[in-house]
Structures are given as structure tokens and as C-alpha cells.
Amino acid sequence: FHRLKDTEKKRREVAATMSTRDQPKSEVSAVTNIRKGLKSGDVNREKTCPLLLRVFPRNGGHNRPEDFHRLKDTKLDEVQIYTWKDATLRELTELIKDVQDSAKRSNARIDFAFVYPDLGGRFVSRRVGSCWSTVRKGDRRDTSDDAKTLDELRFQIGDYLDVAIYQNSHN
């Protein structure tokens, strides 16, 4: 009984320090997160199964949304990444750089868009952010998009990630 009382007291202390955005959806998740040291919204990557993210990189611009309707017939480059919904655009940029030589250049800007079918079955594209290939602290090219997560950007399992890789001639 005393242990339960202590847990309830600890839960209330943590809940009082969290903003309403960080409030857990249930008391059980709050207690679980306290024990694991996780904030609400964080994913325990050791216990949570990753999702398959289908990534379609292209140099010079985004793929056309209608090309996703006929994926089997088109020759779009595809990279498959297993990741979690708390993955940031910076993390995805680093993974893309591992497989796309053009993304490794210091003047490369990587632009992200989600592609998904609308209610009519047509594929639509929604731009969600961009990152520079290399960013040094205090760099004028630093973007606030680096820390955005798939979950914050309202990624839904099954969405495609369309990636445009641009080469800027003036750094």
C-alpha cells in the first residue's frame, strides 16, 4: 500500500511539472514513463518495434505525386528505412547521406515531403521541412526543422517520404 501511495505521489509531481502538451494519455503510461525515465511522446526504441519508412530520394526536386500511384511501373529510386515515429529530420538526413552520394556534399539541402492518398484516391504531397547536409553550430544555414520528429509532423504509417536533394552553388 505504501509503495502505491509513493508512486501516486511521484506521478502527481511529474504531472505538475509537465505542460498540457506533455500530459500522458493515461495514468498507466505516466507511471510507466516515470520508471523508464521517458517523457510523454518519447519512444522506447528497445521495446518498440520500428516502422518501415519508404523513402524516395531524387536529385534536383521532388517526385511527382502521380508517380506514386503507379509505383510498380515507375523507376523511382527507393530506400527502405526502419525507424520510429520519434525520428528527427536530422536523423533521416544522416541515413539518406549513407546511401545517396549527392546528399553528402556540404552544399546539399535535403527537402522532405509526405506523400499519401487523399479521400479520392489521388496521391498528394505535403512539404514538411528541410535540412542542410552539414551544419556547424552558429552556421547561417541552421534550420529549426532539424529537430522536428515524424510524429510532430503528423506522419501516418503508410505515408511515403519524398526527398528532394538540391545542390546550392552559393554557400
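In case you missed it, the structure is sitting above this.
Residues numbered from 1 in each chain as written. Predicted model: local features only at pLDDT ≥ 70, side-chain atom pairs only at ≥ 80, totals over all residues. Heavy atoms only, no water.

In this structure, Gly121 sits in the loop between strand S3 (108-117) and strand S4 (123-132). On the accessibility criterion, Gly121 (36% relative accessible area) is partly exposed. Each C-alpha atom of the pair Gly121 and His69 lies 8.8 Å from the other, and the pair is 52 residues apart in sequence. (Helix = DSSP H or I, 4+ residues; strand = E, 2+ residues; numbered from the N terminus. Buried < 20%, exposed > 50% of the residue type's maximum accessible area, 1.4 Å probe, protein only.)

One open sheet holds the five strands; their spatial order is S2-S1-S5-S3-S4, and the pairing between them is mixed. The outermost strands of the open sheet, each flanked by one partner alone, are strand S2 (79-83) and S4. Across the sheet, the mean angle from the axis of one strand to that of its neighbour is 30 degrees, orientation sign disregarded. Pairing analysis gives six bridges linking strand S1 (residues 51-59) to strand S5 (residues 160-167), with the strands arranged parallel. Residue pairing in the sheet places Val55 in a bridge with Leu161 of S5. Docked against the sheet, helix H3 (residues 89-99) engages S1, S2, S3, S4 and S5, running at close to 90 degrees with respect to S4. (Pairing = 2+ DSSP bridges. Axes fitted to C-alpha atoms, helices over the stretch in contact; angles between N-to-C directions. Contact = heavy atoms within 4.5 Å.)

What follows deals with the nonpolar core. Judged by nonpolar contacts, the single largest core of 22 residues is most densely connected at Leu53, Val55, Phe112, Leu161 and Val163. Contributing elements (two or more residues each) for this core: S1, S2, H3, S3, S4 and S5. With four residues, S3 is the single largest residue contributor to this core. Listed in part, the seven residues of the second largest apolar core include Phe56, Leu76, Val115 and Phe123. (Core = buried A, V, L, I, M, F, W, Y, C linked by side-chain atoms within 4.5 Å.)

Among the ten residues that make up S3, seven are buried, leaving the element largely enclosed by the rest of the structure. Bridging between S3 and S5 involves eight bridges; their strand directions are antiparallel. Opposite Ile110, over in S5, you have Ile165 as the bridge partner. In this sheet, S4 lies alongside S3 in antiparallel orientation, the contact comprising nine bridges. Looking at the pairing, Tyr116 lines up with Val124 of S4.

Of note, Lys97 is situated in helix H3. Residue class for Lys97 comes out buried when judged on its relative accessible area of 13%. At a separation of 3.3 Å, a polar atom in the side chain of Lys97 contacts the side chain of Glu94. Contacts of Lys97, omitting those with residues within four sequence positions, involve Ala103, Lys104, Ser133 and Thr134. (Polar contact = N/O pair within 3.5 Å; in protein donor to acceptor, adjacent residues only side chain to side chain.)

Below, the discussion takes up the pattern of salt bridges. Close approach of charged atoms allows side chains with opposite charge to pair. On inspection of all chains with the given rule, the structure shows 15 salt bridges. Between Glu94 and Lys97 there is a salt bridge, with its nearest N and O atoms 3.3 Å apart. Taken together, the residues span about one helical turn, with Glu94 and Lys97 both in helix H3 at a distance of three residues. On the accessibility criterion, Glu94 (33% relative accessible area) is partly exposed. A single salt-bridge network, built from bridges that share partners, covers Arg64, Glu66, Asp67 and Arg70. (Salt bridge = Lys/Arg side-chain N within 4 Å of Asp/Glu carboxyl O.)

The residue Asp86 is located in the loop between S2 and H3 in this model. Taking the relative accessible area as the measure of exposure, Asp86 reaches 18% and is therefore buried. Setting aside anything within four residues of it in sequence, one finds Asp86 in contact with Val43, Arg45, Glu91 and Thr149.

Our next topic: the packing of aromatic side chains. Under the defined criterion, the tally for this structure stands at five aromatic pairs. Ring geometry for Phe123 versus Tyr160: centroids 6.0 Å apart, planes at 25 degrees, classification stacked. Placement of Phe123 in strand S4 and of Tyr160 in strand S5 is noted, with a sequence separation of 37 residues between them. Given the relative accessible area of 17%, Phe123 is considered buried. Classification of Tyr160 by relative accessible area gives buried; the value is 13%. (Phe/Tyr/Trp six-rings, centres within 6.5 Å; stacked < 30°, edge-to-face > 60°.)

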